[in-house]
Amino acid sequence: MAAFRDMEEVSQGLLSLLGTNRAEAQQRRLLGRHEQVVERLLETQDGAEQRLREILDAEKEVAQGLLDAKEQAQQAGAELQQLEAELQRAGEEDARLKASLLQLTRELEELREIEADLERQERGVDEDTTVTIPSAVYVAQLYHRISKIEWDYECEPGMIKGIHHGPSVAQPLHLDGTQLSKKFVSDYLWSLVDTEW
């Protein structure tokens, strides 16, 4: 502001000099002073422009910082939404796994009960068979010694196959039990037995 006042004074001085036609020395002095004022004005203008540039740069930095902060906030919001979605999926998976574990636990309990029942039944069967199996084995061995028939247990169902070891030669057996009566099959097999002991 002082520079403008000085300029105004210089201008008034120039006007008075021209109007009154004063001496040349005063004119030089005023011109020198005018140059000083112009230099100060230019220096002030340069300083103001420099400060304005600094202020603009600072404003740009602040604006960029605000934009960066806003972008980071948006990214953080997106990450938060993604984490919330993952948390929800994990919760749903956890609930599904808990339901599956509960179902498997129930099935395991049912299997344990079935196993206990089977063990009880097996003990009962073992007790029953300890009496009957030896007698059945004895009868089977006795029949084998009497009949001298070696049975083919791997034949098709309904078929009766084996080898009869007779007194002189072994003879194959091949009967279709589906077409022959049980009485016929029994009579035929007993007819192979040598009754002369």
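This text goes with the structure placed above it.
Summary of the structure given here. (Residues numbered from 1 in each chain as written. Predicted model: local features only at pLDDT ≥ 70, side-chain atom pairs only at ≥ 80, totals over all residues. Heavy atoms only, no water.)

Some details on the overall build of the protein
Helix and strand content of the protein: three helices and three strands. The secondary structure elements of the protein, listed N-terminal to C-terminal, are α-α-β-β-β-α. The buried share among the 197 residues of the protein stands at 10%. A fraction of 29% describes how many contacts in the protein between residues 6 or more apart in sequence connect residues 24 or more apart. For the protein, the computed accessible surface area is about 16,700 Å², with 57% contributed by carbon and sulfur atoms. (Helix = DSSP H or I, 4+ residues; strand = E, 2+ residues; numbered from the N terminus. Buried < 20%, exposed > 50% of the residue type's maximum accessible area, 1.4 Å probe, protein only. Contact = heavy atoms within 4.5 Å. Areas by Shrake-Rupley, 256 points an atom, 1.4 Å probe, with all protein chains shown as cover.)

Quick notes on the pairing of strand β2 (residues 159–165)
Along a regular strand, successive side chains alternate from one face of the sheet to the other. Here β2 shows one buried face, formed by I160, G162 and H164, and one open face, formed by M159, K161, I163 and H165. The pairing of strand β1 (residues 149–151) with β2 spans three bridges and is classified as antiparallel. By the bridge assignment for β2, W151 is matched with G162. Relative to strand β3 (residues 170–176), β2 runs antiparallel, the two sharing seven bridges. Note on β3: the bridge partner recorded for H165 is A170. In sequence, β2 turns back onto β3 through a hairpin of four residues. (Pairing = 2+ DSSP bridges.)

Some points on the sheet that holds β2
Strand pairing in a sheet takes place through backbone hydrogen bonds and is either antiparallel or parallel in direction. Pairing within the open sheet is antiparallel, and its three strands lie in the order β1-β2-β3. Each edge of the sheet is formed by a strand with only one pairing partner; in this case those strands are β1 and β3. Between one strand axis and the next, the sheet turns through 25° on average, direction left out of account. Its contacts with the sheet place helix α3 (residues 182–191) against β1, β2 and β3, and it is angled at close to 175° to β3. (Axes fitted to C-alpha atoms, helices over the stretch in contact; angles between N-to-C directions.)

Thoughts on the pattern of salt bridges
Under the defined criterion, the tally for this structure stands at six salt bridges. Notably, a salt bridge pairs R112 with E109, separated by 3.3 Å at the nearest N-O pair. Highlighted residues: R112 and E109, both in helix α2 (residues 24–147), separated by three residues, approximately one helical turn. Exposure remark for E109: the relative accessible area of 38% places this residue in the partly exposed category. (Salt bridge = Lys/Arg side-chain N within 4 Å of Asp/Glu carboxyl O.)

A short note on the nonpolar core
Counting seven residues, the largest nonpolar core consists of I149, I160, L173, L175, V185, L189 and L192. Secondary-structure elements contributing two or more residues to this core are β3 and α3. With near-sequence residues (within four places) excluded, L175 lies in contact with G158, M159, I160, L180, V185 and Y188. (Core = buried A, V, L, I, M, F, W, Y, C linked by side-chain atoms within 4.5 Å.)

Quick notes on a nonpolar patch on the surface
Side chains of L111, I114 and L118 sit close together on the surface and give an oily, nonpolar patch of about 290 Å² of accessible area. Mapped onto the fold, L111 is located in helix α2. (Patch = residues over 30% accessible without salt bridge, like charges linked within 9 Å, V, L, I, M, F, W, Y side chains within 5 Å.)

Examining the side chain of H164
Mapping H164 onto the fold places it in strand β2. Filtering out sequence-adjacent residues up to four positions away, H164 remains in contact with S147, K148, I149, V169, A170, Q171, L173 and L192.

Overview of the packing of aromatic side chains
For the structure on display, the rule yields one aromatic pair. An angle of 15° between the planes, with centres 6.4 Å apart, marks the rings of F184 and Y188 as stacked. You can see F184 and its partner Y188 sitting in helix α3, four residues apart, about one turn around the helix. (Phe/Tyr/Trp six-rings, centres within 6.5 Å; stacked < 30°, edge-to-face > 60°.)

What about a negative patch on the surface?
On the surface, a cluster of negative charge is made up of E35, E39, E43, D46 and E49. With respect to the secondary-structure elements, E49 resides in helix α2. (Lys, Arg positive; Asp, Glu negative; His and termini not counted. Charge placed at Lys NZ, Arg CZ, Asp CG, Glu CD.)

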